[in-house]
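Each chain is listed here by its residues.
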Amino acid sequence: MARERLPGRGCRALRRCLLAAALLLGLRLCAELQRAGPQPQAPSSPPGQAPRPPGSHLQPAPGQLRGARRRQVTYVRSGRRAPAGGGRSGTPEPGCCALRGRPRLKGPRWQIDLQPWAGPARSLDEEALRFLRYISTIQIACDHMSTDSLATDSSPIKKPWSVCLDDRFGLVHQIRNKQCRLYSLGLGSDDTHFEVGMANNGCEVHRFDPSVKSAHILESERLWYHRLSIDWRDPHPAIAAQKPYSNTRKLGTILNEFGHHKIDVLKADLESAEWKVLENLILEDVLEQIGQLIFEIHLHWPGFEVSGSDSSVVRFWYSLLKELELQDFRLFHSYKDLSKPQLFLKKDIFNASSCYTLGWVNTRWK
């Protein structure tokens, strides 16, 4: 008769085997930890110096990027804001490869840095006096300027658009070598005396005016007319899809579309849109592609999409012009148009005109 197996005997043997295996595994792990020993601590920073950030030993030397391949940056803002405190995410921002030896940007800018108030009262009088004094003070002397003279017939007085032709700024050499490029931004003005003169002197002139009849007109050998309007924003994608040949663009977008990498002279008479256009040029770093700026500014009202109290509006204007100075632009020409009403934000104060023509030169321009 066969011998019966005791119930549960096989299960007890299996449990003993599993316990023995776990004990052996634990002993082996302890032995490996003892052989590894304590981890060495990172050396501390010398007294008086800030601790090095994690991974700083992997950062390239300051001059290491000089030989790197430069890439063209398309002036389209990313939908992602820069991390707080200037930190970087894992993906490089479009501003990582700034041209002309400028410091690397930490990400797209979304607003300009406002200057401190002109005085403790934060009043219009304080802001207006500072602003008017600033636009009336020449920052750099220009010995050779070309200036439109007054009309000799019964036509309206022409604006004194001026460029600086001193040898140190290079524009005169570009004109002599027929390599000068001028962009003229306007809104239906019939006064093209300045553009025609620059084209006759050897500049490639592109005049942007939404009122011209054809998309692109070659008026003469060096004078182009384009049915385009310069704005501070591109059309909404939905609108652009319905109107693929929309005539509104940002200046940076037009530069990319035309394949132009620099503008020797940018002339703008935008009838109160100049403040937002100038803000866009600053925020998207288009200024470094421009040699000289000639803007007509209008002071009788805040301008398109500029809002706030009168004192805050003037503070915004002043901050924009100070941004130009931070970008190494210097004011070489200031003209007060006495033919226009003397209105400053709809007020007759400080003997100010409602219209000024200002010229800046990029002192880093080669």
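Keep in mind that this is a model prediction, so the values were computed, not measured.

Cut-off values and rules
Residues numbered from 1 in each chain as written. Predicted model: local features only at pLDDT ≥ 70, side-chain atom pairs only at ≥ 80, totals over all residues. Heavy atoms only, no water. Helix = DSSP H or I, 4+ residues; strand = E, 2+ residues; numbered from the N terminus. Buried < 20%, exposed > 50% of the residue type's maximum accessible area, 1.4 Å probe, protein only. pLDDT = per-residue confidence, 0-100. Contact = heavy atoms within 4.5 Å. Core = buried A, V, L, I, M, F, W, Y, C linked by side-chain atoms within 4.5 Å. Salt bridge = Lys/Arg side-chain N within 4 Å of Asp/Glu carboxyl O. Axes fitted to C-alpha atoms, helices over the stretch in contact; angles between N-to-C directions. Parallel < 35°, antiparallel > 145°, perpendicular 65-115°, else oblique. Left-handed = near helix turned anticlockwise from the far one by under 90°. Nonpolar A, V, L, I, M, F, W, Y, C, P; charged D, E, K, R; others polar. Pairing = 2+ DSSP bridges. Arc of directions from axis to C-beta.

A. Up close: unusual backbone geometry. For Ser 272, which is not glycine, the phi dihedral falls at a positive 80 degrees. Within the fold, Ser 272 resides in the loop between β9 (263-268) and α7 (274-283). A relative accessible area of 4% places Ser 272 in the buried class.

B. View of the confidence of the model for the chain. Of all residues in the chain, 68% have pLDDT values of 70 or greater, and the mean over the chain is 77. Here residues 39-106 scores under 50 on pLDDT; set against residues more than four positions off or in separate chains, the count is 59 contacts. Contacts of residues 148-158 to residues separated by more than four positions or lying in other chains number 12 contacts, the stretch itself having pLDDT below 50.

C. Structural view of the nonpolar core. Of all hydrophobic cores here, the largest spans 51 residues; its most connected members are Phe 131, Leu 251, Trp 275, Trp 317 and Phe 344. For this core, the element with the most residues is helix α8 (residues 310-326), which contributes eight residues. Here Phe 344 is in contact with Leu 124, Ala 128, Phe 131, Leu 132, Leu 299, Val 314, Trp 317, Ile 349 and Ala 352, once residues within four sequence places are set aside. The next biggest cluster of nonpolar side chains, apart from the first, holds 16 residues, and it includes Cys 180, Met 198, Cys 203 and Ile 294.

D. Structural view of the pattern of salt bridges. Taken as a whole and judged by the stated rule, the model has 13 salt bridges. The residue Lys 267 makes a salt bridge to Glu 195 at a minimum N-O spacing of 2.6 Å. Highlighted residues: Lys 267 in strand β9 and Glu 195 in helix α4 (residues 193-200), separated in sequence by 72 residues. Classification of Lys 267 by relative accessible area gives buried; the value is 4%.

E. The arrangement of the packing of helix α2 (residues 124-135) against α8 in detail. Where α2 contacts α8, the two axes come as close as 9 Å, and the packing angle between them is 30 degrees. The pairing of α2 with α8 is recorded here as roughly parallel in orientation. The element α2 and its partner α8 pack so that their crossing is left-handed. Residues Leu 124, Glu 127, Ala 128, Arg 130, Phe 131, Tyr 134 and Ile 135 of α2 pack against Asp 310, Ser 311, Val 314, Arg 315, Trp 317, Tyr 318, Leu 321, Lys 322 and Glu 325 of α8. Looking at the contact of α2 with α8 residue by residue, the classes come out as nine nonpolar, one polar and six charged.

F. Representation of the side chain of Thr 357 in the model. By secondary structure assignment, the location of Thr 357 is in strand β12 (residues 355-362). According to the relative accessible area criterion, Thr 357 is buried, its value standing at 1%. Setting aside residues up to four positions removed in sequence, Thr 357 forms contacts with Pro 160, Trp 161, Ile 294, Phe 295, Glu 296, His 333, Ser 334 and Tyr 335.

G. Summary view of the sheet that holds β12. Spatially, eight strands are ordered β5-β6-β4-β3-β9-β10-β12-β11 in an open sheet, and the strand pairing comes out mixed. Since the sheet does not close on itself, it has two edges, and those belong to β5 (216-218) and β11 (329-336), each with one partner. Here the strands of the sheet are splayed against their neighbours by 15 degrees on average, with no regard to which way each runs. Summarising the sheet, β9 and strand β10 (residues 290-298) pair through five bridges and their orientation is parallel. Looking at β10, one finds that Val 265 is bridged to Gln 292. α4 contacts β3 (180-185), β4 (203-208), β6 (223-226), β9 and β10 of the sheet and is inclined by roughly 155 degrees relative to β4.

H. Layout of α4. For α4, every residue scored as buried is listed here: Phe 194, Glu 195, Met 198 and Ala 199. The arc enclosing the buried residues of α4, seen along the axis, measures out at 130 degrees, which places them on a common side.

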